[in-house]
2 protein chains.
Amino acid sequence: MWLLYQFPLCPFSRKVRLLLAEKGVGYEPVRESPWLRRDEFLDMNPAGETPVMVNAEKPGRPMIDSMAICEYFEETVDKAAMINGTAADRAEIRRLVTWFDVHFYRDITRPLLTERMEKRLVLRTSPDSGRLREAMKAAVAHLDYVDYLLDHRQWLAGSTISLADLAAAAQISVADYLGGIDWKSHEQSKRWYLGMKSRPSFRPLLAERMEVIAPHADYEKLDH
Amino acid sequence: MWLLYQFPLCPFSRKVRLLLAEKGVGYEPVRESPWLRRDEFLDMNPAGETPVMVNAEKPGRPMIDSMAICEYFEETVDKAAMINGTAADRAEIRRLVTWFDVHFYRDITRPLLTERMEKRLVLRTSPDSGRLREAMKAAVAHLDYVDYLLDHRQWLAGSTISLADLAAAAQISVADYLGGIDWKSHEQSKRWYLGMKSRPSFRPLLAERMEVIAPHADYEKLDH
Ligand SMILES: N[C@@H](CCC(=O)N[C@@H](CS)C(=O)NCC(=O)O)C(=O)O
Ligand SMILES: N[C@@H](CCC(=O)N[C@@H](CS)C(=O)NCC(=O)O)C(=O)O
């Protein structure tokens, strides 16, 4: 049995969860709040970050880093290949995964998590409205790029769904939960995201709640 | 023919160059200074980062992100496998690559590059000695971790050399060029790094210079 250390609004854990669900790999989510810096968790992962996956039968060898975890399941489970196509296609998928994991996260998801989650749960101060505005402005630029990709391709990295779509949807879903996404004038991205939300792999994520923090009004709607 | 857009002190380009040399893949380095934000470069890579690789015969499809590039050559060139072993071994290699690319870079290489390169070349101000001290303190902690790994393993990720060693050596070599590494009381790491420096794949990197910025005294020495 696989254990997945995560919290509901961790976008990297969401990417892994989407992949596991698409591939039909079962796992038990274990709640971890990395900001608490629990000693036992730091012993498992010196980076102190979620997600971490542990094979309950071999607890001594945790798997760390969402991309390493995704590559592992891509290599070991044939069903629903998500890093697929030629070597060049695979490079394009990996480029986009990094784009969303690094740039979208740094510009949008991370500041939203800091301002709307950590300041509420941990620091008990009010969010900085300037930083929120900046994140929402960055989200417009990022959705423009998603629109541009979808002008040229059916899915983000090419003609089939891939880990790039899961990585993007994972980041966007957390930003959307926190009210950071305005779909206005992003029809292409919106249609693609509604398609992602309608997948069975997405349902458990949409139904989950982060304590204290309620999602944005349309977060769970499949026609919005 | 492959073109590699890079500058001499880019640690991610160094990781790619080490891999290409180990695998015997030829390439032409093309000098790119990402801080100049050249329009033609941004058209190629919206992230504006080095390294980028372009197949001169198919210039329309640049390869972006050092990990995506490394995975590509690992998949297409059998010689000198660097993401090798079981799926779990491969996950450990990828975890460590991310560790050095993200954490070592953020704590050490990036601040050293900002203080000792960008402030000199671009901003024309003096380095912040507090930030330099912090980076050098972080380097001690990181070398402690490398020592710890080498207490348990012959190479950083296991019993054979892997991309984890190349990623670590790439970051360390840039930090060492900029005088950020003190090898004192890190005998294990030092011995491993001297071994890395002695590899033919490392030679061209050691011989190269960044304009204006001279390397630290022992940077090129193979017995130091
Ligand atoms: N490269 C890692 C990044 C993971 C990451 O940044 N996780 C965040 C949570 S979303 C974290 O644990 N941050 C540390 C903290 O909050 O203290 C991955 O892809 O797994
Ligand atoms: N994830 C990228 C990171 C590359 C990166 O951060 N490159 C730095 C140079 S070392 C860069 O181009 N930064 C942008 C800048 O300096 O403006 C990779 O692994 O290729």
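Residues numbered from 1 in each chain as written. Chains lettered and ligands numbered in written order. Predicted model: local features only at pLDDT ≥ 70, side-chain atom pairs only at ≥ 80, totals over all residues. Heavy atoms only, no water.

Looking at the domain arrangement of chain A
All names here are of chain A. Per the domain assignment, the segments making up chain A are domain 1 (2–76) and domain 2 (87–207). Each of domain 1 and domain 2 has a C-alpha centre, and the two are 20 Å apart. With 16 residues of domain 1 in contact, the opposing surface of domain 2 contributes 22 residues. Across the interface of domain 1 and domain 2, roughly 1,900 Å² is buried in total on both sides, 75% from carbon and sulfur atoms. (Domains from an automatic or database assignment. Contact = heavy atoms within 4.5 Å. Buried area = accessible area lost by both parts, 1.4 Å probe.)

A look at the site of ligand 1
Residues and elements named next belong to chain A. Surveying the vicinity of ligand 1 reveals 13 residues, the closest of which are P34, E49, T50, D65 and S66. At 2.9 Å, a backbone N or O of T50 approaches a nitrogen atom of ligand 1. Burial of ligand 1 by the protein chains amounts to 85% of its free accessible area of 520 Å². A per-class count over the shell around ligand 1 returns eight nonpolar, three polar and two charged. (Near = heavy atom within 4 Å. Polar contact = N/O pair within 3.5 Å; in protein donor to acceptor, adjacent residues only side chain to side chain. Areas by Shrake-Rupley, 256 points an atom, 1.4 Å probe, with all protein chains shown as cover. Nonpolar A, V, L, I, M, F, W, Y, C, P; charged D, E, K, R; others polar.)

A closer look at the pattern of salt bridges
Residue and element names in this part refer to chain A. A complete count under the given rule lists 42 salt bridges over all chains for this structure. The partner of E32 in a salt bridge is R38, with the nearest N and O atoms 2.5 Å apart. Overall, the relative accessible area of 2% leaves E32 in the buried class. For R38, a relative accessible area of 33% translates into the label partly exposed. A salt bridge links R95 to E92; the nearest nitrogen and oxygen atoms lie 2.9 Å apart. Here R95 and its partner E92 are both found in helix 4 (residues 87–123), three residues apart, which amounts to about one turn of the helix. Judged by relative accessible area, R95 falls into the buried class, the value being 8%. (Salt bridge = Lys/Arg side-chain N within 4 Å of Asp/Glu carboxyl O. Buried < 20%, exposed > 50% of the residue type's maximum accessible area, 1.4 Å probe, protein only. Helix = DSSP H or I, 4+ residues; strand = E, 2+ residues; numbered from the N terminus.)

Considering the pairing of strand 1 (residues 2–6) of chain B
Residues and elements named next belong to chain B. Among the five residues in strand 1, five count as buried, and that is most of the element. Bridge count between strand 1 and strand 3 (residues 52–55): four bridges; the pairing is antiparallel. Across the sheet, Y5 pairs through a bridge with V52, a residue of strand 3. Relative to strand 2 (residues 28–31), strand 1 runs parallel, the two sharing four bridges. Across the sheet, L3 pairs through a bridge with E28, a residue of strand 2. Traced from strand 1 through helix 1 (residues 11–23) to strand 2, the parallel crossover comes out right-handed. (Pairing = 2+ DSSP bridges. Right-handed = clockwise from strand over helix to strand, strands pointing away.)

Focus on the relation of the copies chain A and chain B
Once turned by 180° and shifted 0.0 Å along the axis, chain A lies on chain B with an RMSD of 0.0 Å. Expressed as a symmetry operation, the mapping of one chain copy onto the other fits a two-fold axis. A share of 100% of the interface residues of chain A reappears at the interface of chain B, consistent with the copies meeting face to face through the same patch. (Least-squares fit on C-alpha atoms with pLDDT ≥ 70 in both.)

Considering unusual backbone geometry
Residues and elements named next belong to chain A. Put simply, T50 and P51 share a cis peptide bond, and its omega is 5°. Here P51 is to be found in the loop between helix 2 (39–44) and strand 3 (52–55). Not every positive phi belongs to a glycine, and D65 is a case in point at roughly 85°. Along the chain, the position of D65 falls in the loop between strand 4 (63–64) and helix 3 (66–76).

With respect to the environment of E28(B)
All names here are of chain B. Among the secondary structure elements, E28 is positioned in strand 2. A relative accessible area of 41% means that E28 is categorised as partly exposed. Between the alpha carbons of E28 and M53 there is a distance of 9.7 Å; along the sequence they are 25 residues apart. The residues contacting E28, other than those within four sequence positions of it, are M1, W2, L3 and L4.

A word on the sheet that holds strand 4 of chain A
Residue and element names in this part refer to chain A. Read from one edge of the open sheet, four strands run 2-1-3-4, paired in mixed fashion. Edge positions in the sheet fall to strand 2 (27–31) and strand 4, since each has one partner strand and no second. Contacts from helix 1 (residues 11–23) reach strand 1 (2–6), strand 2 and strand 3, with the element oriented near 150° to strand 1. (Axes fitted to C-alpha atoms, helices over the stretch in contact; angles between N-to-C directions.)

Some points on the packing of aromatic side chains
Residues and elements named next belong to chain B. All chains considered together, the criterion is met by 26 aromatic pairs over all chains. Summarising the aromatic geometry, the rings of Y5 and F41 are spaced 6.2 Å apart at their centres and angled 35° between planes, so their arrangement reads as tilted. Residue Y5 is found in strand 1, and its partner F41 is found in helix 2 (residues 39–44); the two are separated by 36 residues along the sequence. Looking at Y5, the relative accessible area reads 14%, which means it is buried. The class of F41 is buried, set by a relative accessible area of 1%. Between Y145 and Y148, the ring centres sit 5.9 Å apart and the planes meet at 15°, which makes this aromatic pair stacked. One end of the pair, Y145, and the other, Y148, are both in helix 5 (residues 129–152), three residues apart, so they sit about a helical turn from each other. (Phe/Tyr/Trp six-rings, centres within 6.5 Å; stacked < 30°, edge-to-face > 60°.)

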